[in-house]
Amino acid sequence: MLSERRLEVLRAIVQDYVGTEEPVGSKALTERHNLKVSPATVRNDMAALEEEGYIAQPHTSAGRIPTDKGYRLFVDKLAGVKPLSSPERRAIQNFLEGAVDLDDVVGRTVRLLAQLTRQVAVVQYPSLTRSTVRHVELLGLAPARLMLVLITDTGRVEQRMIDCPAPIGETVLADLRARLNSRVVGQRFTEVPSLVQDLPEAFDADDRGSIQTVLATLLETLVEETEERLMIGGTANLTRFGHDFPLTIRPVLEALEEQVVLLKLLGEAKDPGMTVRIGHENQHEGLSSTSVVSVGYGSGDEAVAKLGVVGPTRMDYPGTMGAVRAVARYVGQILAES
């Protein structure tokens, strides 16, 4: 375990390096921070921190910079989450409340996160495997042609055209709509198949073929839509940090193009807490010089998806964590109200 004083020295090194982009020396530390000890003592503390792998000396400089291990200790032990100011919170709320549908909510969230943190923002669409049905609408377009509209609790809307094997009357359609909604509204997608399997038996034999066609389309829609979708924004922000990436920014950009990599980065939505992955903790090689801050969001107590940011390990962790958490909270509120 590091002593309190050495933890303070590490905190000061991280704060200075993130703020100035320059390796940090003992003289600068004693001048900038009230460490209450001599530069010689700070030098000894820095030597101990270096020996234990929390800081390192870049080859050309007399100063020191934090390692992944140093940032990890900073995030776990030393960094609080920096709350946003009231004007920032109001701006977030006003911007997100202007959204007209789910795509707009996700798009605005990506832009907002990228602007607030000046990093790359990644937002996962609400996962339908954890969604519930808000409403199913059936509209007659022609005697044997219908439109099925599925609306989820997170505001996703899916439309499908259905060609029935026989004409279906308005009365039967109204009956099917009512029975369907009474069974599936408020239910999870995974529970719907067992809830509707005996529904055709409630109708005349002549109509059962059409009813089965409608139900088959509904169940196909539920299955199709479980694939995960993401939106990413602010990639250009990475170019501001060119010198933070050892050789080139290209491996990072290539990794960010792979949806599977991004979904793994954000982590499981069912784990809604704040996650910070630093440097080599990211398993994808192209992202070993980046940090990822992510958190779950949802329309109730349960997370339906994740959002987060990707940036260099030299990151303002308290500020980034505060922004990510605040945005997730507001997105959750909007989904709950939509």
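Below you will find a few notes about this structure. These numbers were taken from a predicted model, which means no experiment stands behind them.

Moving on, we come to the overall build of the chain. Check the secondary structure of the chain and you find 12 helices and 10 strands. Rg of the C-alpha trace for the chain: 26 Å, well past the compact-globule value of 20 Å for 338 residues, more than 25% over. With the C-alpha coordinates of the chain rotated into their principal frame, the extents come out at 90 × 40 × 35 Å. For the chain, the proportion of contacts with a sequence separation of at least 24, taken over those separated by at least 6, is 61%. Element-wise, carbon and sulfur atoms account for 49% of the exposed surface of the chain, whose accessible area totals about 16,200 Å².

Moving on, we get to the pairing of strand β9 (residues 290-297). β9 sits mainly inside the fold: 8 of its 8 residues count as buried. Of the two faces of β9, the one lined by Thr 290, Val 292, Ser 294 and Gly 296 and the one lined by Ser 291, Val 293, Val 295 and Tyr 297 are each fully buried. Bridge count for strand β8 (residues 275-278) against β9 is 4 bridges, and the pairing is antiparallel. Within β9, the position partnered with Arg 277 by the bridge is Val 292. Looking at chain direction, β9 and strand β10 (residues 305-312) are connected through 8 bridges and run antiparallel. Bridge assignment links Ser 294 to a residue of β10, and that residue is Gly 308.

Turning next to the environment of Gly 308. Its location among the elements puts Gly 308 in strand β10. Gly 308 gets classed as buried once you look at its relative accessible area, which sits at 1%. Setting aside chain neighbours within four positions, we find Gly 308 in contact with Leu 113, Val 120, Ala 121, Val 122, Leu 266, Val 293, Ser 294 and Val 324.

As a further point, take the pattern of salt bridges. A side chain with one charge can pair with a side chain of the opposite charge if their charged atoms come near. Within the structure shown, the criterion is met by 17 salt bridges. As a salt-bridge pair, Asp 76 and Arg 72 come within 3.1 Å of each other at their nearest N and O atoms. Of this pair, Asp 76 and Arg 72 both sit in helix α4 (residues 68-78), separated by 4 residues, roughly a single helical turn. Shared partners join several salt bridges into a network, and the residues in it are Arg 5, Arg 6 and Asp 45.

Turning our attention to the environment of Pro 200. Position of Pro 200 relative to the elements: it lies in the loop between α8 (192-196) and α9 (205-224). Overall, Pro 200 belongs to the buried group, its relative accessible area being 8%. Sequence separation between Pro 200 and Ile 334 is 134 residues; the distance between their C-alpha atoms is 37 Å.

About the thresholds
Residues numbered from 1 in each chain as written. Predicted model: local features only at pLDDT ≥ 70, side-chain atom pairs only at ≥ 80, totals over all residues. Heavy atoms only, no water. Helix = DSSP H or I, 4+ residues; strand = E, 2+ residues; numbered from the N terminus. Rg over C-alpha atoms; globule rule 2.2 N^0.38 Å. Contact = heavy atoms within 4.5 Å. Areas by Shrake-Rupley, 256 points an atom, 1.4 Å probe, with all protein chains shown as cover. Buried < 20%, exposed > 50% of the residue type's maximum accessible area, 1.4 Å probe, protein only. Pairing = 2+ DSSP bridges. Salt bridge = Lys/Arg side-chain N within 4 Å of Asp/Glu carboxyl O.

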